[in-house]
Every structure is written in C-alpha cells, then in structure tokens.
There are 2 protein chains.
Amino acid sequence: MTDTATAALDKVLHLSSLVSTDLTRFEQESGLTVARVHLLWGLGLAGPGTQQSLAVALGVTPRNITGLVNGLVASGHVTREPHPSDRRATLVTPTKLGHRAIRDLRESHIDLAEQLFDHVPAQRLAAFVKTLDETIAIFARLMEEEA
Amino acid sequence: MTDTATAALDKVLHLSSLVSTDLTRFEQESGLTVARVHLLWGLGLAGPGTQQSLAVALGVTPRNITGLVNGLVASGHVTREPHPSDRRATLVTPTKLGHRAIRDLRESHIDLAEQLFDHVPAQRLAAFVKTLDETIAIFARLMEEEA
DNA sequence: TATTGTTATACTCTATAACTATA
DNA sequence: TATAGTTATAGAGTATAACAATA
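Residues numbered from 1 in each chain as written. Chains lettered and ligands numbered in written order. Predicted model: local features only at pLDDT ≥ 70, side-chain atom pairs only at ≥ 80, totals over all residues. Heavy atoms only, no water.

Draft legend 1. Fine view of helix α1 (residues 2-30) of chain A. Helix length check: α1(A), at 29 residues, gives a terminal C-alpha distance of 42 Å against a target of 42 Å (1.5 Å per residue), a fit within 8%. By the burial criterion, the buried members of α1(A) are A:A5, A:T6, A:A8, A:L9, A:V12, A:L15, A:S16, A:L18, A:V19, A:D22, A:F26 and A:E27. (Helix = DSSP H or I, 4+ residues; strand = E, 2+ residues; numbered from the N terminus. Expected span 1.5 Å × (residues − 1). Buried < 20%, exposed > 50% of the residue type's maximum accessible area, 1.4 Å probe, protein only.)

Laid out in structure tokens, this is it:
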C-alpha cells in the first residue's frame with residue numbers, strides 16, 4: 001500500500017520535526033545553538049578530539065569547526081588543548097561546564113525516550129525498532145547506489 | 001525498557017537524518033535550498049498564498065519570507081501577484097517551473113516512501129504507524145505542558 | 001609533499017526594529 | 001489603530017580558496 005507507506009514516512013518526518021523543535025527549546029535554556037550542541041554531543045560520544053576529526057564526524061568543513069569551536073570557547077564549554085604528539089593539531093576538550101551540558105543533553109534524551117516509548121508494549125516496540133532498522137539499512141543502500 | 005526506548009528514539013533520529021541528507025541531494029540537483037523547498041512544498045499543499053500565511057505555515061518571521069520569496073522569484077519558481085481584494089498583500093504563486101519542482105518533490109517523496117516501506121508486511125506497517133501516532137500525540141501533549 | 005587549522009570572502013537563513021502603504 | 005510587506009541591521013552556519021605551521 002503506497003498510501004500507508006507515504007503516511008509512515010510523513011509521520012516519521014513529523015516526529016522528527018517535533019524532536020527538532022524540542023531541541024530548540026533546549027538551546028534557548030542552555031544558550032547553545034543546534035550546531036554547537038551537535039559538536040558537544042560528538043565530544044560526549046568520542047571524547048576530546050582534533051578539529052579535523054570533528055569535521056569528519058559532523059560532515060562539515062574544517063573551517064566551519066573553527067567557528068563552532070570559537071563560539072564554544074567563548075561560552076566556556078570547551079578549551080583548545082595542545083595535541084600531545086602533533087603540534088599542528090589541537091584537542092577540543094570539554095570544560096566542567098561543557099561536561100555538565102553533555103550530561104544534561106544525555107539525561108534529556110533518555111527522559112524524552114522514556115516518555116515517548118515506555119507506554120508501548122514490549123513486543124510492539126521491538127517490531128517498531130525492527131522496522132526502523134530495516135528501513136535505515138534500505139536507505140543506506142539507496143544512498144550508496146546514488147553516490 | 002529504557003534501553004529499547006532510547007534505541008527507538010535514536011533510530012528515529014538516524015532515519016530522519018538520512019532523509020535530511022537525501023533532501024540535500026535533491027537541493028543540489030534542483031538548485032533550491034531546504035528553506036525554499038519547504039516554502040514550495042507549502043504552496044503545493046495550500047495553493048498560492050500571502051507572505052503572511054506562508055510565515056505562519058513555516059513558523060518564521062514575515063521578513064524571512066521576503067528573503068525566501070526573493071530567492072524563488074530570482075530562480076523563476078514563483079511570482080508575486082497582486083492580491084485581488086487587499087492591495088497591501090501579494091499572492092505568492094508558483095510558475096510553470098515552480099509547479100514542476102513541486103511535482104518532482106511529491107514524486108520523490110512517494111517514491112522514497114515506497115522504497116522504504118513497501119517491503120514491510122501490512123500488519124507490521126500498521127502497527128508501526130500506530131506507534132508513531134501515539135508517540136506524536138504524547139509529544140504534542142508534552143510540548144503544550146511546557147509552553 | 002601532505003595535513004591541520006586559520007584568515008579572507010561570500011551566501012543563506014534567521015531575528016528584531018523601524019518604516020510605508022493600505023485596511 | 002491594525003495589518004502586509006520591506007528596508008536596515010545583526011548574528012549564526014555553511015562553503016571555497018589561499019596561506020602558515022608542522023609532519
């Protein structure tokens with residue numbers, strides 16, 4: 001059924017738009033922006049990294065990372081530390097404030113997930129995740145073909 | 001299970017990020033930007049409208065609409081037509097090129113939905129949509145509470 | 001020679017505030 | 001007085017290209 005398929009895609013996009021709006025609210029409370037939150041989130045996942053590694057992780061240019069890191073340094077969320085073995089590179093490192101923001105992000109994320117999905121029966125939630133997994137795999141294949 | 005709930009949210013965001021990347025590809029092919037595509041999509045749904053109505057539909061300021069419409073006029077996708085009864089207002093109206101872009105967008109959207117979901121058994125897809133509906137409803141309620 | 005990050009420059013999206021024309 | 005849209009101004013995110021320091 002194409003209709004149901006389109007409805008499913010529309011609803012995924014709608015939910016994603018709501019999550020995005022919610023992230024904007026987090027932004028305003030924390031004084032961060034979406035792009036800077038993504039960078040902090042990446043630091044939270046992978047630990048302190050070079051700007052080069054952040055550029056790859058976020059899929060943007062190194063120049064862009066320079067600007068984002070400048071903003072996060074100004075707001076006190078990260079510092080630029082010397083790389084221990086490569087004097088060209090810097091290690092972008094969360095400060096205490098940065099770690100707190102990363103922790104808050106994680107807690108909000110988990111809290112939101114619980115509020116959204118804890119009411120769903122386990123079996124249906126498992127099927128939901130399975131469908132998402134399959135869909136993501138199909139998508140990844142489609143994008144490879146086009147690349 | 002909090003773990004499963006978090007996994008579900010992560011996967012929804014992942015899929016949404018993939019769709020967003022795909023939209024970027026559409027952009028590059030069509031010479032449009034995401035914001036302008038959203039405006040065109042809105043015109044496709046509701047028909048020609050005033051800039052005020054577009055500002056409300058997209059959730060941005062009227063000033064922002066001025067800029068987006070300027071861009072779409074320059075690229076030949078829309079024209080500003082006089083409003084039949086209110087000389088203050090303009091009717092943003094798709095050109096032939098604009099209509100073609102809207103049609104292409106719709107076709108890509110339906111095509112993508114089919115490729116992503118047509119393989120899912122009808123019953124599981126119905127359950128998938130049901131879970132999305134419930135989740136969207138919960139989210140809407142959460143955001144009202146916080147507003 | 002290749003890589004890391006920055007400076008220079010430019011474009012898009014977004015916002016607020018003040019203003020003009022019209023209702 | 002209120003509304004529709006624009007001009008003025010500003011800031012953030014993004015990109016390419018040229019450059020310095022280092023590998």
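Draft legend 2. Here's a closer look at the packing of aromatic side chains. On inspection of all chains with the given rule, the structure shows three aromatic pairs over all chains. Ring pairing ties together the aromatic residues A:F117, A:F128, B:F117 and B:F128, which thus form one cluster. (Phe/Tyr/Trp six-rings, centres within 6.5 Å; stacked < 30°, edge-to-face > 60°.)

Draft legend 3. The packing of helix α2 (residues 34-46) of chain A against helix α5 (residues 96-117) of chain A, seen in detail. Residue and element names in this part refer to chain A. Running from amino to carboxyl end, α2 crosses α5 at an angle of 90 degrees, the nearest separation of the two axes being 10 Å. One finds that α2 runs roughly perpendicular with respect to α5. Between α2, through V37, L40, W41, G44 and L45, and α5, the contact on the second element is made entirely by G98, A101, I102, L105, R106 and H109. Counted by class, the contact of α2 with α5 contains seven nonpolar, three polar and one charged residues. (Axes fitted to C-alpha atoms, helices over the stretch in contact; angles between N-to-C directions. Parallel < 35°, antiparallel > 145°, perpendicular 65-115°, else oblique. Contact = heavy atoms within 4.5 Å. Nonpolar A, V, L, I, M, F, W, Y, C, P; charged D, E, K, R; others polar.)

Draft legend 4. Spotlight on the protein's contact with DNA strand C. If you check the shell around DNA strand C, you find 20 residues, and the closest are A:Q51, A:Q52, A:T66, A:R88 and B:T33. A share of 74% of the atoms of DNA strand C within 4 Å of the protein falls on sugar and phosphate groups. Between DNA strand C and B:T61 there is a distance of 3.0 Å, counted from a phosphate oxygen to a backbone nitrogen or oxygen. Looking at the surface near DNA strand C, the elements with two or more residues in it are α3 (51-58) and α4 (62-74) of chain A together with α2 (34-46) and α4 (62-74) of chain B. It is α4(B) that provides the largest number of residues to the surface near DNA strand C, a total of three residues. Taken together, the residues that form the surface near DNA strand C break down as four nonpolar, eight polar and eight charged. (Near = heavy atom within 4 Å. Polar contact = N/O pair within 3.5 Å; in protein donor to acceptor, adjacent residues only side chain to side chain.)

Draft legend 5. View of the pattern of salt bridges. Inspection of the entire model under this criterion finds 13 salt bridges over all chains. Its salt-bridge partner being A:R103, residue A:D104 comes within 3.6 Å of it at the nearest N-O pair. Assessed through its relative accessible area of 30%, A:D104 is described here as partly exposed. We classify A:R103 as partly exposed; its relative accessible area is 44%. Between B:E107 and B:R103 there is a salt bridge; the shortest N-O distance is 3.9 Å. Taken as a pair, B:E107 and B:R103 lie in helix α5 (residues 96-117) at a separation of four residues, close to a single helical turn. (Salt bridge = Lys/Arg side-chain N within 4 Å of Asp/Glu carboxyl O.)

These results come straight from atomic positions and should not be treated as a statement about function.
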